[in-house]
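# Results of the structural survey
Here is what each chain is made of, one letter per residue.
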Amino acid sequence: MSVIPDKPALEGLEAKWDAAWTEQGTYLFDRIRAAQSGREGVYSIDTPPPTASGSLHIGHVFSYTHTDVKARFERMRGKTVFYPMGWDDNGLPTERRVQNYYGVRCDPSLPYEPDFTPPFEGGDNKSSRAADQKPISRRNFIELCERLTIEDEKQFEALFRQLGLSVDWSQTYRTISDDTIRQSQLAFLRNLERGEAYQALAPTLWDIDFRSAIAQAELEDREQQAAYHTIEFPFADGSGSIAIDTTRPELLPACVAIVTHPEGPHKHLIGTKVRTPFFGAEIEIHGHHLAQPDKGTGAAMVCTFGDVTDIIWWRELRTTHDESLPNMTTIGLDGRFLPTAPASVASAEAVAWYGEELAGKTVFSARKALVEKLQETGDMTAVGKPFSHAVKFFEKGDRPLEIVSTRQWYIRNGARDAELREQLLAHGSELQWHPDFMRVRYENWVGGLTGDWLVSRQRFFGVPIPLWYGLDENGERDYDRVIVPDAASLPIDPTTDVPAGYTEEQRGVAGGFDAEADIFDTWATSSLTPQLAGGWERDEELWNLTAPFDLRPQGQDIIRTWLFSTMLRSTLEDRRSPWRNAAISGFIVDPDRKKMSKSKGNVVTPADILDAHGSDAVRYWSASSRLGMDAAFDPQNPTQVKIGRRLAIKVLNAAKFVLSFPVPDGAQVTHALDASMLAALDRVIADATAAFENYDQARALEITEAFFWTFCDDYLELVKERAYDRSDVGQASAALALRLALSTLLRLLAPVLSFATEEAWSWFEEGSVHTASWPEPLGIEGDTAVLSAASEALIGIRRAKTEAKASQKTPVSRAAISAPSAKLEALRAAADDLRAVGRIAELEFAEAEEFAVTAIELAPVEAS
């Protein structure tokens, strides 16, 4: 036990107790205890691994506090809590941060420089031109990624410790460590062995800045300006033309068909052949149900590829009408038009013009050139007014995505597998969602999938795809000869490791092998966080003690990515949900109710808020919001944070006051007011416990806080005179009741106010409040009406003195209170305490329909 300070304060508690918890191993996962109790004695958490690419924001503090509150509650309830932390190191955000921080970019063709020094350190992480960045080898680039993420992770851990997260830091994992790479590669090889992973050459959503494929789950729509361009397509027989409106006229060289609705205004033209204006390719008009008869001219051109709808049309037309429908790519991986025109361009003049005017141009420049050409030839008859429409972007990208044909690796996700889709929906239904309405977002995502999960990325810092390809006699890749490593050899990097049966000299030569240079999408590794944290295929005992995990906490915006992908990997591997519960936090919004995001420039970093107000205050603000509900945060006037700070300070001061009354040996609760308070507290224990069990920490806090203020403002005032008076027979009862209430309230508030409660607990108890048992109802019989009636009377007496412009310490010669008969009985049980606190010489009661302080006579002031 520690000494009670003369003036309790919140300052310095974070550092003091973090050091103590670390030294004492307060939050370590007790493996022996867990093994003794078995799986049902463990509460395991699949903690979100924050992306180590910059700084944490106030949203992290918000959602991670929700998780920590639940972890602390379960620990006090007797569970052995498995609460790890992971760092999501690899991925595009990390690469971008490294590029801008060090002023470099990766060029895999360059040799490794052992003593490389980057041009500078400390870039502002804003977008910069690749031309201004120094090209370096892949290995040098990865080393910089490793260096920066490790430094970021240290800062993240320091902030999370300051926040008071009860994480077992010995269970920390990284998504790019050797163990992680091995498990991620092993899981993929099992997908491959079962036929769930496959490679395909197909239209791919492509980010031209990151030079990488993008998955459906990483897309977001952004409003962009566009305009309809009306182009006349002449019929092949010369009998006329059909007008088409398009927002992407630059894709005319890649136009492979026209579509119109089977019941639309052009249905009579279905099957008719037309020619692409100027370029002269012969194409056909097809009927398709996705063509909108009331949009534009009622017909649309199908290009390979302008948008996702083009992909759908192209695939379905190939299946139902014409298997030879070509895929004519015109835009390269750098976002510029390819050097030569597609083979279908029939006009020699057009082929030459393409090479001179379109080749090498950006999309914007190519559009301008083609519009001018079609206006010159008379094939473009109108350009409409600009309007705003939704365009697909990579969620972390800056320019619209293009669609190019590339060879990629996929994992089946139920988009084209009805049985798998039903399994995913069934597991989502079995999962307990908090709040329950978030389940719909998951179900809508599963039901709306249009393609399998693209898991390969053409990037550098990530988990290597563990494969090689056999080379034929011409030195070309034979994609049917995929060379798979033995699981025992993992982890591997195929760009440096050699497959069994080959030598390094056979790399890249005819008859030899070639490495898969792509890495996995970051979600392909993060989708395995239960396995990474729980020791899957690494520590069988730990896996059996933790899986399926009890809780997946996360934000609502990554249900479609992290939650779904983890559910998919678990369904494919174990045919079960990876968790029992999912707790979904809401967004943090600014005072104008706009979601905080880096792109909007309204993100608040938490360090200054924690320093200014204290961690308990910030934890209080976080815990006050229910799961799934958005919370407003105004850094200029954080009202809820200030309320939380006031509560934390009051906890310290109230504890100091209560502990000033020693509890005599053999003390018992004998006074009606004391029993009433403790009976009311029993209800609080029951209601708060039920709320915590139901993942409603806001309700638990609300219930506990309301009683705490009643305890401080009313009960403490009512009993303090009796508690001071050692000659009063009720003194022992008051002192004991105060001590019992303090012990209970500190434990009820401990999950939220982790530092103030620990400090106060240390003044009179051994060990940590966070490993103490959760309070159980004491079962002391008492009438809760006594405390509520006495509180109401105390308020009335105070008000009467205030209205008389007298101090609350002014003696009262006579006071009268009227109340209904039932309340009168309760008031009489607390009469002595009311007289003492009100300094009332004579207290009278009278029966009436309404409660009221009907008379109060102040004692005459003695002349000095």
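The structure reproduced in this document is the subject of the present report. Since the model is a prediction, treat every value here as computed from it, not as a measurement. (Residues numbered from 1 in each chain as written. Predicted model: local features only at pLDDT ≥ 70, side-chain atom pairs only at ≥ 80, totals over all residues. Heavy atoms only, no water.)

### A word on the overall build of the protein
Where we set the bar: Strands are runs of DSSP state E lasting at least 2 residues, helices are runs of H or I lasting at least 4, and numbering of each runs from the N terminus. Exposure categories follow from relative accessible area, calculated using a 1.4 Å probe and restricted to protein chains: below 20% of the type maximum is buried, above 50% is exposed, and the middle band is partly exposed. The contact rule is simple, with two residues in contact once any of their heavy atoms fall within 4.5 Å. All accessibility values rest on the Shrake-Rupley procedure with a 1.4 Å probe; residue burial counts only the protein chains present in the view. Charged residues are defined here as Lys and Arg on the positive side and Asp and Glu on the negative side; His and the ends of the chain fall outside this count. One atom stands in for each charge, and that atom is NZ of Lys, CZ of Arg, CG of Asp or CD of Glu.
Across its full length, the protein holds 25 helices and 32 strands. C-alpha atoms of the protein, sized along the principal axes, occupy 115 × 65 × 50 Å. The buried share of the protein, reckoned over its 864 residues, is 55%. Taking the intrachain contacts of the protein between residues at least 6 apart in sequence as the baseline, contacts between residues at least 24 apart amount to 79%. Roughly 36300 Å² of accessible area belongs to the protein as shown, and the carbon and sulfur atoms make up 48% of that amount. Of note, the protein has its 90 positive side-chain charges centred 3 Å away from the centre of its 128 negative side-chain charges.

### Quick notes on the nonpolar core
This is how it is decided: The term nonpolar core refers to a set of buried residues drawn from Ala, Val, Leu, Ile, Met, Phe, Trp, Tyr and Cys, joined through side-chain atoms within 4.5 Å.
In terms of nonpolar packing, the biggest core is built from 87 residues, with Phe711 and Leu827 touching the most fellow members. For this core, the leading source of residues is helix α20 (residues 697–724), giving 13 residues. Beyond its immediate chain neighbours, meaning those up to four positions away, leucine 827 contacts Ala789, Ala790, Ala793, Ile817, Ala819, Leu834, Phe845 and Phe851. Within the second largest apolar cluster, 73 residues are counted, among which are Ile176, Trp433, Trp523 and Ile584.

### Observations regarding the pattern of salt bridges
Put simply, the test is: By definition here, a salt bridge exists when the distance from a side-chain nitrogen of Lys or Arg to a carboxyl oxygen of Asp or Glu is within 4 Å.
With the rule as written, the count across this model stands at 56 salt bridges. Put simply, glutamate 250 and arginine 248 hold a salt bridge, and the shortest N to O gap is 2.8 Å. Side by side, glutamate 250 and arginine 248 carry an identical accessibility label, which is buried. Between aspartate 696 and arginine 626 there is a salt bridge; the shortest N-O distance is 3.5 Å. With aspartate 696 in the loop between α19 (672–693) and α20 and arginine 626 in the loop between α17 (615–623) and β29 (631–632), this pair connects stretches of sequence that are 70 residues apart. Residue classification places arginine 626 among the partly exposed residues on the basis of a relative accessible area of 36%. Taken together, the shared-partner salt bridges connect Arg190, Arg194, Glu196, Glu537 and Glu573 into one network.

### Let's talk about unusual backbone geometry
In this model, threonine 304 is joined to phenylalanine 305 through a cis peptide bond whose omega is 0°. With respect to the element layout, phenylalanine 305 can be found in the loop between β15 (299–303) and α7 (308–320). The omega angle of the peptide bond from alanine 547 to proline 548 is -10°, so this bond is cis rather than trans. With respect to the element layout, proline 548 can be found in the loop between α14 (540–546) and β26 (549–555). In the Ramachandran plot, phenylalanine 278 falls in the positive-phi region, its phi being about 70° despite a non-glycine side chain. Inspection of the secondary structure puts phenylalanine 278 in the loop between β13 (273–275) and β14 (282–287). Exposure remark for phenylalanine 278: the relative accessible area of 14% places this residue in the buried category. At arginine 839, a position not held by glycine, the phi torsion is positive, near 55°. With respect to the secondary-structure elements, arginine 839 resides in the loop between α25 (831–838) and β31 (840–847). On the basis of relative accessible area, arginine 839 is assigned to the partly exposed category, the value being 42%.

### Considering the sheet that holds strand β16 (residues 380–383)
To keep it simple, the criterion reads: Two strands pair if DSSP finds at least two bridges between them. The angle between two axes is taken between their N-to-C directions and runs from 0 to 180 degrees, where each axis is a line fitted to C-alpha atoms and a helix contributes only its stretch in contact.
Taken in spatial order, the 3 strands line up as β11-β10-β16 in an open sheet, and their pairing is antiparallel. Looking at which strands have only one partner, the edges of the open sheet turn out to be β11 (241–246) and β16. Shown here is a sheet whose adjacent strand axes are inclined to one another by a mean of 25°, direction ignored. Here strand β10 (residues 229–234) runs beside β16; their pairing, made up of 3 bridges, is antiparallel. Directly across from threonine 230, in β16, lies its bridge partner alanine 382. Each of β10 and β16 touches helix α9 (residues 363–377); the most contacted strand, β16, lies at about 125° to it.

### Some thoughts on the sheet that holds β13
The 4 strands lie next to each other as β13-β14-β12-β15, forming an open sheet whose pairing is mixed. Each edge of the open sheet is held by one strand with a lone partner, namely β13 and β15. Each strand axis lies, on average, 35° off the axis of its neighbour in the sheet, ignoring direction. Bridge count for strand β12 (residues 255–260) against β15 is 5 bridges, and the pairing is antiparallel.

### Thoughts on the packing of aromatic side chains
The condition is simple: The pairing test for Phe, Tyr and Trp rings, Trp by its six-membered ring, is centres within 6.5 Å, and the orientation test on the planes gives stacked under 30 degrees, edge-to-face over 60, and tilted for anything in between. Think of it as a cone above the ring: NZ of Lys or CZ of Arg counts as a charge over the ring if it is within 6 Å of the ring centre and within 35 degrees of the ring normal.
Applying the stated criterion across every chain, the model contains 35 aromatic pairs. Geometrically, the ring pair formed by phenylalanine 188 and tryptophan 409 is edge-to-face, given 5.7 Å between the ring centres and 85° between the ring planes. Note that phenylalanine 188 is positioned in helix α6 (residues 178–193) and tryptophan 409 in strand β18 (residues 402–411), a separation of 221 residues in sequence. Take phenylalanine 188 and tryptophan 409: they sit in the same class, and that class is buried. One aromatic cluster is present, built from ring pairs that chain together Tyr64, Trp87, Phe156, Phe160 and Trp169. Just above the ring of tyrosine 695 sits the side chain of lysine 70; from NZ or CZ to the centre is 4.0 Å. The cationic tip of arginine 72 hangs over the ring face of tryptophan 21; the distance from NZ or CZ to the ring centre is 5.3 Å.

### Some thoughts on the packing of helix α5 (residues 138–163) against helix α16 (residues 606–613)
Here is the rule we go by: With the far helix as reference, a near helix turned anticlockwise by less than a right angle produces a left-handed crossing, and one turned clockwise produces a right-handed crossing. Ten residues, namely Ala, Val, Leu, Ile, Met, Phe, Trp, Tyr, Cys and Pro, are considered nonpolar, four, namely Asp, Glu, Lys and Arg, are considered charged, and the remaining ones, Gly among them, are considered polar.
Here α5 crosses α16 at 30°, and the two axes come no closer than 11 Å. For the pair α5 and α16, the crossing hand works out as left-handed. Within the contact between the two elements, α5 uses Leu159, Gln162 and Leu163 and α16 uses Pro606, Ala607, Leu610 and Asp611. Here the contact of α5 with α16 is composed, by residue class, of 5 nonpolar, 1 polar and 1 charged.

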